[in-house]
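Residue-level structure breakdown
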Amino acid sequence: MMKHRLNLRVNKQDFEVFVKPKTTLVDLLRDELGLTGTNKGCGTGECGACTVLMNGNAVNSCLVLAVEADGAEITTIEGLASEGRLDPLQQAFVDEGAIQCGFCTPGMILVAKDFLEKNPQLREEDYKTAISGNLCRCTGYVKIVKAIKKVAEGE
Amino acid sequence: MSDKKKYTNIGRSVPKLDAVEKATGKAVYPQDTNLPGMLYGKILWSKHPHAEILKVDTTEAQKLPGVKAVITAKDMPPTKLGFAQDNPPLKGDKVRSLRDEVAAVAAVDEDTAEKALEMIKVKYKPLPPVFDPEEAMKEGAPQIHAEAKGNRNKLHYAFEYGDVDAARAASDVVVKHRFKLPWVKHCCLAPYSCVARWDESGKLTMYSPTQIPFLYQRDLANILQMPSSKIRVIQPTIGGAFGSKLDLYPNEVICAVLAKKAGQPVLLTYTREEEFKCTPSRQPVIADIEMGAKKDGTLTFRDVFFILDNGAYTSWGATIPYVLMNSVTSLYKCQNIRFDTAIIYTNNMYSGAMRGYGNPQGTFVVERMMDILAEKLGLDALELRLKNCNQPNEVTPQGFKVTTCGLRECLETVAQRLDWKNKRNKGQKETGTLRRGVGLASYIHVGGGARVYRSDGCGAIVKVDDFGHVTLITGSTEIGTGTETVLAQITAEELGVHAEDVTVVNDDSAIKPWDVGIHASRTTFIAGNAAREAAAKVKAEILKTASELLEEPENKLEINDRKVYPKKNPEKTLEIGKVIRKAHFRQHGQAFMAEAFYDPPTEMEDEDYRGNISVTYGFGTQGAEVEVDTETGQVRVLKMVIANDVGRAINPMLLEAQLEGGLSMGVGYALLEKLVVEKGEVLNPSFLDYKMPTVKDMPPVEIVLIETDDPGGPYGAKGIAESGTIPTAAAIGNAVANALGLHLFELPMQPEVVLKAVKAKLAKRD
Amino acid sequence: MKDFEYHSPATLEEACQLLKKYDGQAKVLAGGTDLIPGLYRREIVPEQVINIKGIPSLNFIANEESKGLVLGSLVTFNEIISSPIIEEHYPILKEVAEKIASHQVRNLATIGGNLCNAAPSADSAPILIALDSTVALIEPGGKERTLPLEKFFIGPGETALAPGEILIQVHIPLLKPRTGVSYLKQTSRQALEIAVVGVAALVRLEKKTEKCSLVRLVIGACASTPLRIPAAEKILVGKKIGSQDIEAAAKAASEAVKPITDVRASKLYRKEMVRVQCKRSLEEAISRAKSSPETGME
């Protein structure tokens, strides 16, 4: 099967890669670019673990073909902290005890990031809406919601 | 409470030590492994739930470019896996379920491996299957294992105490019901994944998410017929466990054999569908239970019979009555008990261990029956529980020696927070579509280890380095629950440093001392006591040197905030690092390192299931307020209250997080989760159709930690990791019954089930 | 996932030609949220995948006097949720979009994809049919046709699209005065769900008399296509609707649907939920009709 060339920008770095059409974005990030912080929990868009930001929108990277990301700007969890400083959401997740096994964490943080940036005024219910496509088996979500709320309210 | 102040680390909500790695995506899970030359493994599953294997032809698959190894039963040693040694890692003569491993492939990528699987030709001779345990028990049912007559697993758990028949005759009220509980799944967010690598000297390194690294090492050595000294187990970051990695399973053996045959490392990761279909699940039970009481509410007897669907092979699922029994024998005082089980082989997937280990099932049945009994007695359900409440220093029929017990306080706290008096009997009087009700349920569980093996021990090594930096090497395993942080706090407290000064090493069998495994809510208690003991030994050494330097006797010195000082003269401080450096850089210097092995003073149960298996027991109560839509059957949980006897909260934040996470599993068990298994096939093997709770399904939770300061626990702590899950379904079930004035005898209480019961009640009334 | 060839046409014409050329072997990729899981599970095995997201003319939201709201087929559900035009004039579309899947999926999933995938449970279909929407289709050569959405669905996964045809727009007439709409979705969980039953209702009431002049009641997930229920609508039209009428209409709907039993729910439960949710949806639509503005386009 012919490979396609694509150019994309991941975490502010430019990449040129060759992929089969069927390669999904999550597999490209993990297997080709070594960005294993993007976790693959189901492969079918039903758990949210593989969430990344694509052109500023949170998407399940298992629901995107890599070829579709030609020319796209992608942010993965590895691209959030800058100059050794955690993103406020990362810091809040750490401080509030919102992380246990950690497998859902990158997806949770990135969807929250997208949601907070687009919705300046949020109610309690909105924090839940933000992460309702992200499953977590460890935390019962309580401390995750608390962490997002903390950042949203600028505490 | 006042002694809390004297602690620097205990009682402090220290963030999880590995949280930053996880928040930045740097944590390495098994599926993130990338070794030079690493291949991808795939398993060929059976096409039939019960069949003879006539022929497996791998010729074509072996020829496919990129395929490096194809294995069948012929490549396997003749040994079998599991507690009953009835599970060959690859099946050669017979398959007994649709999740049976028939062959496996290692190839340069997953695609090639998948293609190769399609090219393997297997000829089966189908046999009549049986899926219902009650059918399987009947005479003439298809025989699944030749040696298991009537499909009965040779494991049999029966317990008797007092005189049940006399107690029944003397009871004023007797209630009897049958309950049915479903298959449910752990739903670890990370699908099961492991890596095998052989080196040139014939040593095997497994990168495994196992919860039992040392038993795993032993079992893997047995099955591969090699010395366990040649197996090293590295545990990368584990993406959820909940009991699902408590045994050695065929996939890990297959991975090792593939890697050996290929001469290259192999990564074997399940898809989510495989995770749902092929990993062991919490077993379904059918419970016949009869309970009695005197008019005044004194419990007289319990007589229960559990039928367990074991599935096709014996993993830990078959042993859960060992714990299930605890709730029947020991939750609330009852002096006449009969407990019996039938563990039945079927052609379903096999069952395993899952958070609570049978206790969620047992507690659901017992606590639902407590409400039914109270109703029949005309007593308040809370009063009935308080009347028969467990107490400190009680010995239960199984011989459990209760030390501290905060159950009464838990019950009263939950009732108060639920506004029990006002809300309890309101629901049934309401009219309209939406009905509200409240309910509560309690649990007893091991809280100070659990002697299920001859040892319940854990080793610890504590080392203090020249700048006062501490390393704790613990035998225990971190599965996300925060044990590494709690152990760091305990170590730091003992040494007088800060938890942040402690590095915890817990992921390599070549380094860490032995431990039974992470299960039975035991790690804080057992590994905590081991760490504390090792730290105390190092502390004594530090004080010895400091005594020379400060010219004060050791017993007059104290360590706090990383400094040693005379108790009388706290200004005259010496940094721990300095003490250590002094000891390093001198003639006949010394290193500061000590080990400890803590094996609790408990006993194994005898053949009659009597024995004090835990140093202490955990108690707690959960309360639920629900609203039921009587037209759709939908149950909404409006609020949950948890009051838990935790002994001592070493890290309140992480402790709450355990309870909250456990609760969400319990909410799923109560209302949403069920593997739909028909003819041995899982019909909902996806997160879309297996309904684990989303954030929107979780009610607000109030948590009250009740500290009883257990004398056996590290700084008074008890184990609690499973407790959040155990009484939830019962509490919600009791609240639903309270709202509707009717009883449901199955889980989950999905809308359709609830609606059917509501309609049946209405039909009866008309 | 099986291998396939991938095309990313830059124009509509190119896309139509490719679709025609590979008729029966090609799948259109828009949001991908249904297609890619299908590929992953090998339930769909196309030889060609044609990504139409590079076509610029398909992603817009416009409010036109003659057609009402016009949605390009590539508009995503999150674009619907955040559109000021939709929030002002068609808030029901936002309400429905918020009930679909998850935030991440709504960032990808398109209105055109949701309709062309033709799942009987698709959330957007019942409400758009209730709103009397039409779809605009284009064939190779550039010839366009429009079709009432009601006629677009043929069966599960089957639509009225001819070989080479692409859905380019959805037209949604502006709500007239004294008209209320509602969409209710019966599910097990509170999020991340597919409808067990979806019910859309549109009710228009006459001025002063408050007699019902128009009803459209459309049920999802209970037949091979979204199903309009004329028998139930007839019960209500021309009447000042009382609770007994609603009960009767809901009962008629429950009798008209032909659901299946699957892992999500039984046939009987679905029928009963059609009754309950039709009742609730009609009540909500009537209440909204009563409180909707008196003036506007007749």
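This structure is a prediction, so every number in the text was calculated from the model and none was measured. (Residues numbered from 1 in each chain as written. Chains lettered and ligands numbered in written order. Predicted model: local features only at pLDDT ≥ 70, side-chain atom pairs only at ≥ 80, totals over all residues. Heavy atoms only, no water.)

**Overview of the overall build of chain C**
Within chain C one finds 11 helices and 14 strands. Taken over the C-alpha trace, chain C has a radius of gyration of 19 Å; the compact-globule value for 298 residues is 19 Å, and the two agree within 12%. Along the first, second and third principal axes, the C-alpha set of chain C runs to 60 × 45 × 30 Å. A total of 298 residues make up chain C; the buried ones form 57% of that total. Across chain C, every contact between residues at least 6 apart in sequence was considered, and the portion connecting residues at least 24 apart equals 61%. (Helix = DSSP H or I, 4+ residues; strand = E, 2+ residues; numbered from the N terminus. Rg over C-alpha atoms; globule rule 2.2 N^0.38 Å. Buried < 20%, exposed > 50% of the residue type's maximum accessible area, 1.4 Å probe, protein only. Contact = heavy atoms within 4.5 Å.)

**Side note on the overall build of chain B**
What chain B contains, in helices and strands, is 19 helices and 28 strands. Taken against the 2.2 N^0.38 rule, which gives 27 Å for 766 residues, the C-alpha radius of gyration of chain B at 27 Å falls within 12% of a compact globule. Each of the three principal axes of chain B carries a C-alpha extent, and together these read 90 × 75 × 45 Å. Looking at chain B as a whole, 66% of its 766 residues qualify as buried. Considering only residue pairs separated by 6 or more positions, chain B has 80% of its internal contacts joining residues 24 or more positions apart. Entry remark: accessible area of chain B is about 26300 Å², with carbon and sulfur atoms responsible for 50%. Taken as two groups, the 95 positive and 99 negative side-chain charges of chain B have centres that lie 1 Å from each other. (Areas by Shrake-Rupley, 256 points an atom, 1.4 Å probe, with all protein chains shown as cover. Lys, Arg positive; Asp, Glu negative; His and termini not counted. Charge placed at Lys NZ, Arg CZ, Asp CG, Glu CD.)

**A look at the domain arrangement of chain B**
Residues and elements named next belong to chain B. With domains assigned, chain B is organised as domain 1 (33–127 + 190–239 + 245–278), domain 2 (285–450 + 605–765) and domain 3 (457–598). On the side of domain 2, 23 residues touch domain 1, which itself brings 23 residues to the contact. For the pairing of domain 1 and domain 2, the buried interface totals around 1900 Å² over both sides, and the portion due to carbon and sulfur atoms is 63%. On the domain 1 side of the contact with domain 2, F83, F276 and K277 bury the most area, a combined 32% of that side's loss. (Domains from an automatic or database assignment. Buried area = accessible area lost by both parts, 1.4 Å probe.)

**Looking at the domain arrangement of chain C**
Per the domain assignment, the segments making up chain C are domain 1 (5–51), domain 2 (56–172) and domain 3 (179–291). Distance from the C-alpha centre of domain 1 of chain C to the C-alpha centre of domain 3 of chain C: 35 Å.

**A word on the interface of chain C and chain B**
Taken together, the contact pairs 26 residues of chain C with 28 residues of chain B. A per-residue breakdown of the area chain C buries against chain B is headed by R189, Q190 and V263 of chain C, which together make up 29% of the total. Across the contact surface, chain C and chain B share nine salt bridges. Across the chain C-chain B interface, the total number found is 16 residue pairs in polar contact (both at pLDDT 80 or more). Residue contributions to the side of chain C that touches chain B peak at seven residues, all from helix α11 (residues 267–291) of chain C. (Salt bridge = Lys/Arg side-chain N within 4 Å of Asp/Glu carboxyl O. Polar contact = N/O pair within 3.5 Å; in protein donor to acceptor, adjacent residues only side chain to side chain.)

**Focus on the interface of chain B and chain A**
With 48 residues of chain B at the contact, the number on the chain A side is 43 residues. Where chain B abuts chain A, roughly 3700 Å² becomes buried across the two surfaces, and 60% of that area is made up of carbon and sulfur atoms. At the surface where chain B touches chain A, the tally comes to seven salt bridges. Connecting chain B to chain A are 21 residue pairs in polar contact (both at pLDDT 80 or more). Elements that contribute at least two residues to the side of chain B that touches chain A include exactly α1 (19–23) and α17 (652–672) of chain B. Split by residue class, the side of chain B that touches chain A holds 24 nonpolar, 14 polar and 10 charged. (Nonpolar A, V, L, I, M, F, W, Y, C, P; charged D, E, K, R; others polar.)

**Quick notes on a negative patch on the surface**
Together, D31 and E32 of chain A together with D109 and E110 of chain B make up a region of like negative charge exposed at the surface. Following the sequence through the fold, D109 of chain B ends up in the loop between β5 (101–107) and α3 (110–118). (Patch = residues over 30% accessible without salt bridge, like charges linked within 9 Å, V, L, I, M, F, W, Y side chains within 5 Å.)

**Here we look at helix α3 (residues 105–118) of chain A**
Taking 1.5 Å per residue, 14 residues should reach 20 Å; α3 of chain A reaches 20 Å between its end C-alpha atoms and fits that length. Burial of α3 of chain A is extensive: 12 of the 14 residues sit out of reach of the surface. (Expected span 1.5 Å × (residues − 1).)

**A short note on the environment of Q190 of chain C**
Note that Q190 of chain C resides in the loop between β11 (179–186) and β12 (197–205). Along the chain, Q190 of chain C and S287 of chain C lie 97 residues apart, while their C-alpha atoms are 24 Å from each other. For Q190 of chain C, the contacting residues outside a window of four places in its chain are Q634, K696 and D697 of chain B.

**Focus on the pairing of strand β18 (residues 470–474) of chain B**
Residues and elements named next belong to chain B. Of all the five residues making up β18, five are buried; the element is thus mostly covered by neighbouring parts of the structure. Where strand β17 (residues 458–464) meets β18, five bridges bridge the pair, whose relative direction is antiparallel. Paired with V462 across the strands is L472, a residue of β18. As judged from the four bridges shared by β18 and strand β19 (residues 502–505), these two strands associate in the parallel manner. Following the sheet pairing, V470 is matched in β19 by V502. For the segment spanning β18, helix α14 (residues 483–495) and β19, crossover handedness is right-handed. (Pairing = 2+ DSSP bridges. Right-handed = clockwise from strand over helix to strand, strands pointing away.)

**What to know about the pattern of salt bridges**
Following the criterion strictly, the structure yields 87 salt bridges over all chains and no others. Residues K118 of chain A and D114 of chain A are paired through a salt bridge, measuring 2.7 Å at the closest nitrogen-oxygen approach. With a gap of four residues between them, K118 of chain A and D114 of chain A both fall in helix α3, about one helical turn apart. Owing to a relative accessible area of 39%, K118 of chain A belongs among the partly exposed residues under this scheme. Here D126 of chain A ties to R123 of chain A by a salt bridge, and the two come within 3.2 Å at their closest N and O atoms. Via salt bridges that share partners, E160, D165, R168, E290, D303 and R338 of chain B belong to a single interconnected network.

**Side note on the packing of aromatic side chains**
Residues and elements named next belong to chain B. A full pass over the atoms with the stated rule returns 18 aromatic pairs over all chains. Ring centres 5.3 Å apart and planes at 65 degrees place the aromatic pair F179 and F745 in the edge-to-face group. Of this pair, F179 sits in strand β8 (residues 173–181) while F745 sits in the loop between α18 (728–740) and α19 (751–765), placing them 566 residues apart in sequence. Arranged with centres 6.5 Å apart and planes meeting at 75 degrees, the rings of Y322 and Y609 form a pair that is edge-to-face. In this pair, Y322 is assigned in helix α9 (residues 321–330) and Y609 in the loop between β23 (592–598) and β24 (617–629), connecting sequence segments 287 residues apart. Exposure class is identical for Y322 and Y609. Each is buried. (Phe/Tyr/Trp six-rings, centres within 6.5 Å; stacked < 30°, edge-to-face > 60°.)

**Re the sheet that holds strand β4 (residues 57–60) of chain A**
Residues and elements named next belong to chain A. Pairing is mixed across the open sheet formed by five strands, whose spatial order is β2-β1-β5-β3-β4. Each end of this open sheet is capped by a strand with a single partner; those strands are β2 (13–19) and β4. Adjacent strand axes in the sheet meet at a mean angle of 40 degrees, parallel and antiparallel pairs treated alike. Where helix α1 (residues 25–32) meets the sheet, its contacts fall on β1 (4–10), β2, β3 (51–54) and β5 (73–75), and the angle it forms with β3 comes to roughly 100 degrees. (Axes fitted to C-alpha atoms, helices over the stretch in contact; angles between N-to-C directions.)

**Points about the environment of T404 of chain B**
Residues and elements named next belong to chain B. Within the secondary structure, T404 is located in the loop between α11 (381–387) and α12 (407–418). Measuring from C-alpha to C-alpha, the distance between T404 and P88 comes to 45 Å, with 316 residues separating the pair along the chain. Non-local contacts of T404, meaning those with residues more than four positions away in its chain, are made with T616, Y617, F619, D645, T708, D709, D710, P711 and K718. Polar side-chain contacts of T404 include one of 3.1 Å to the side chain of K718.

**Structural notes on unusual backbone geometry**
Here the amide bond leading from L747 of chain B into P748 of chain B is cis, since omega sits at -10 degrees, within 30 degrees of zero. The residue K12 of chain A is not glycine, and still its phi comes out positive at about 65 degrees. Unusually for a residue other than glycine, Y609 of chain B sits at a positive phi of about 65 degrees.

**Some thoughts on the sheet that holds β17 of chain B**
All names here are of chain B. Spatial strand order, β19-β18-β17-β23: four strands in an open sheet with mixed pairing. Two strands in the sheet have a free side with no partner beyond their single neighbour: β19 and β23. Pairs of neighbouring strands in the sheet enclose a mean axial angle of 15 degrees, with direction left out of account. Direction of pairing for β17 relative to β23: antiparallel, over a ladder of seven bridges. What sits directly across from C458, in β23, is Y598. Along the sheet face, α14 touches β17, β18 and β19 and points at about 130 degrees away from the line of β18.

**A word on the environment of F83 of chain B**
Residues and elements named next belong to chain B. Relative to the assigned elements, F83 resides in the loop between β3 (67–72) and β4 (94–95). F83 sits in the partly exposed class, given a relative accessible area of 42%. Those residues in contact with F83 that sit more than four places away from it in its chain are L155, T314, S315, W316 and T319.

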